[in-house]
Amino acid sequence: MTSVLNPEAAIPPALATALADWRRTVEAELKGVPLEKKLVTRTPEGVSLAPLYTRADNDGLANLGTTPGQAPYVRGFRPGTGWTCAQETTSGSPEACNEALLEDLRHGLGAVVLRPDEAARSSLDPDAGNPEKTGRDGVSLADRIDVGAALAGVALDCVPLWVEAGEEARPLAAIVIAAAEAMGVSPDRLSGGITADPLATWVRTGWLRLPLAEAWAGAADWTRWAVRHAPGLRTLGVDATVWADAGGNAVQELGFSLAAAVEGMRALELEGLPVSVTAAQLRFCFGVGPQFFPEVAKFRAFRLLWSRVMSAYGRVELASKARVEARTGRWQTSVLDPHVNLLRGTTAACSAVLGGCDALHIRPFDELAGEPSMVARRLARNVHAVLSEEFMFSATADPAGGSWYVEWLTDQLARKAWAVFQDIERRGGMAEALRSGRPQAAVREVAAEKGAAIAQRRSGMVGVNLFPNLRETVRQKEGDNATFAAARGREIAARRPASPGLLASFDAALAAARAGATVAQLAAGLSRSAVPGETIDALTPTRAAEGFEALRAATDRYRERTGRRPTVCLVKMGPPSQHKARAEFSAGFFAVGGFEVIPIEGFPHALAGAVAAVASEAPVLVLCSTDETYPEIVPAFAHAVKERRPDAVIVLAGLPADPAVVATYRAAGVGEFIHLRADTHAVLSALLRKIGVLS
């Protein structure tokens, strides 16, 4: 517990006196309400955040005296190096990818991050039979010709190249290296990584093309080859964004990524690769959520935790070999008012940078609507430049270090994440945990809690559940994957060579790739088992805004059909002092669902308000006044409305504390109550169904 929450903690007398005085002053301002009720917040990780921290909160933290670059590396693996602008390139076709990539390289990109589409990451060739994978979430890469087209004009011996290859890296690694050789760059001059991550693929898709043991054997084969011939390339990935994108919290990202990394190293040890080799091959990637300081602390906590893992192997210095990357989160983005994504992305990027990431991808603000625009890509790059060149964050090692709050929070996240990791280890490791479904269920539970906070507007998203822009034209998802997949399928079929047959190792796969073999042919040749991999409970990416986006989409379609949005009439009873607060709350409440609000005001009695409300022809009528006036107004208003418009839905702004009063109002004709604790999304959904906007 912190000293603020525990005034009896062992702290210096002078500080204890000052804190006691401060607490008395605060609680006096709060009219005697304990500060724990008003000023202490609880994060999704289960950490209670106090309003004030002092040096007493850092007593007993063992790492405060360490310097940047010193084990256990809480203050950074590579201090003073800054971070790499590592914007992903995901255009569907290789040619479009190349155009975007060269533009980015001319304007500040520090590494080529080539993200293959879902087909390539699944070792499938482009085909009309899999339009849901071809060109989706990445660039379509089938063979070395595609890679060469995507990387044309890129000096691969001067700029790092990063490729996330999915469960089996060898097919993609083979076509990338074959393409580099065709461009005159030998493997030993490449830097970056082509990384395999079977566990993240398993979680994201729910199945593996190969048995897990065979996937690890393939990763070992690729790693052995790379260590000998391409020492600048990393081969193993741990993608923690699979948890963040599904709504998980920082502790889950940390604990599960530790468990996944240890599972991989343990599996590769069985293939003859020692930890001294595999630890240096690891590339971790974390999502960055909207909580500013917890995200800063997360990156610091990871380094502390990874050092502890390496200490268990007796090689703590190996911890500094890991590479830690960040992607701004998908969870907090929205298609509504998309320019607000710029602010969300900038805040998240700042967290990652202050936490000490090695590389960073900032999501372009309009990516949810299809291929990011040139403006969106430019603005994403410029955020890197602003943080580095104007804020000078790259000039300071561990800029968050020494903050009592951040140091305490780093320790809290590390302790909780270590407990998660230990629990997984006790249960047999990450693979067994995934088979049981426990991590997936835990993430869903957290996502549901975070989603409920958004639905109830306890957690705000500007443009989504707060301050919506009903005049915006929401950009629709672009692109015809079926047409693109069919065209790409014909293109690849026209140049696909004969099957290379059985491929004994990566050397054989590389020779086949040089001869033009495709990723699907290479995968088939490398496979040793006719039995597919296991299926598990998949964890689907989601976003906090999706529920409200669906409501807005429904009301937009209604407007297209009828020429007008669904309307709600606010009936303001009495003088402004009587109705103003609840009327303003009600207007905001209904606006986030896409309703057009019609205010009518100043009625002296219920009958006049009811007549005016019925005349508005709005299907939903909201009565706005005070709890003291409602007993007289509500029954009369409801009776007058129902007599004239039986189908009208009457809503009361406010919720009486007495359940008997609520029952009386419902019996009189009130169909719904809106208030601060209401589930805004559920109420709006129900109302839209009642008036026929939602089916």
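Provided above is the structure to which this section pertains.
Being a predicted model, the structure only gives us computed values, none of them experimental.

Caption draft 1: Spotlight on the pairing of strand β8 (residues 233–239). Here β8 lies mainly inside the structure; seven of its seven residues are buried. Where strand β7 (residues 192–196) and β8 come together, three bridges link them in parallel fashion. Bridge pairing in β8 links A196 to L236.

Caption draft 2: Up close: the pattern of salt bridges. All chains considered together, the criterion is met by 52 salt bridges. Notably, a salt bridge pairs D143 with R495, separated by 2.8 Å at the nearest N-O pair. With D143 in the loop between α4 (118–121) and α5 (144–150) and R495 in helix α18 (residues 481–495), this residue pair connects regions lying 352 residues apart in the sequence. Taking relative accessible area as the criterion, D143 reaches 2% and is therefore assigned buried. For R323, the salt bridge is made with E325, and the minimal N-O distance between the two is 2.7 Å.

Caption draft 3: Looking closely at helix α15 (residues 404–426). Across its 23 residues, α15 extends 33 Å between first and last C-alpha, which sits within 8% of the 33 Å expected from 1.5 Å per residue. In the stretch just after α15, G428 is the one whose phi turns positive, near 110 degrees.

Caption draft 4: Quick peek at unusual backbone geometry. A cis amide bond, omega 10 degrees, links A71 with the succeeding residue P72. Tracing the sequence through the fold places P72 in the loop between β2 (48–49) and β3 (84–85). Here the phi dihedral of Y73 falls at roughly 65 degrees; this positive angle occurs in a residue that is not glycine. One can find Y73 in the loop between β2 and β3. Take Y73: its relative accessible area is 8%, and that puts it in the buried class. Backbone geometry at E617 places phi at a positive 65 degrees, although glycine is not the residue there. Looking at the element boundaries, E617 is found in the loop between α23 (606–615) and β14 (620–624). With relative accessibility at 63%, the residue E617 sits in the exposed group.

Reading guide: rules and limits
In every chain, residue numbers begin from 1 and rise along the written sequence. Thresholds applied to this predicted model are a pLDDT of at least 70 for local features of residues and 80 or more for the giving and counting of side-chain atom pairs; totals over whole chains, interfaces and linings are not thresholded and use all residues. Note that the side-chain values use all heavy atoms of the structure and ignore hydrogens as well as water. The buried label applies to any residue whose accessible area, calculated with a 1.4 Å probe on protein chains only, is under 20% of its type's maximum; exposed applies above 50%, and partly exposed to all values in between. Working definition: helices are DSSP H or I runs of at least four residues, strands are E runs of at least two. Numbering for both runs from the N terminus. We call two strands paired when DSSP finds no fewer than two bridges between them. Salt bridge, as applied in this entry: a Lys or Arg side-chain nitrogen positioned within 4 Å of an Asp or Glu carboxyl oxygen. Given the number of residues in a helix, its expected span is that number minus one, multiplied by 1.5 Å.

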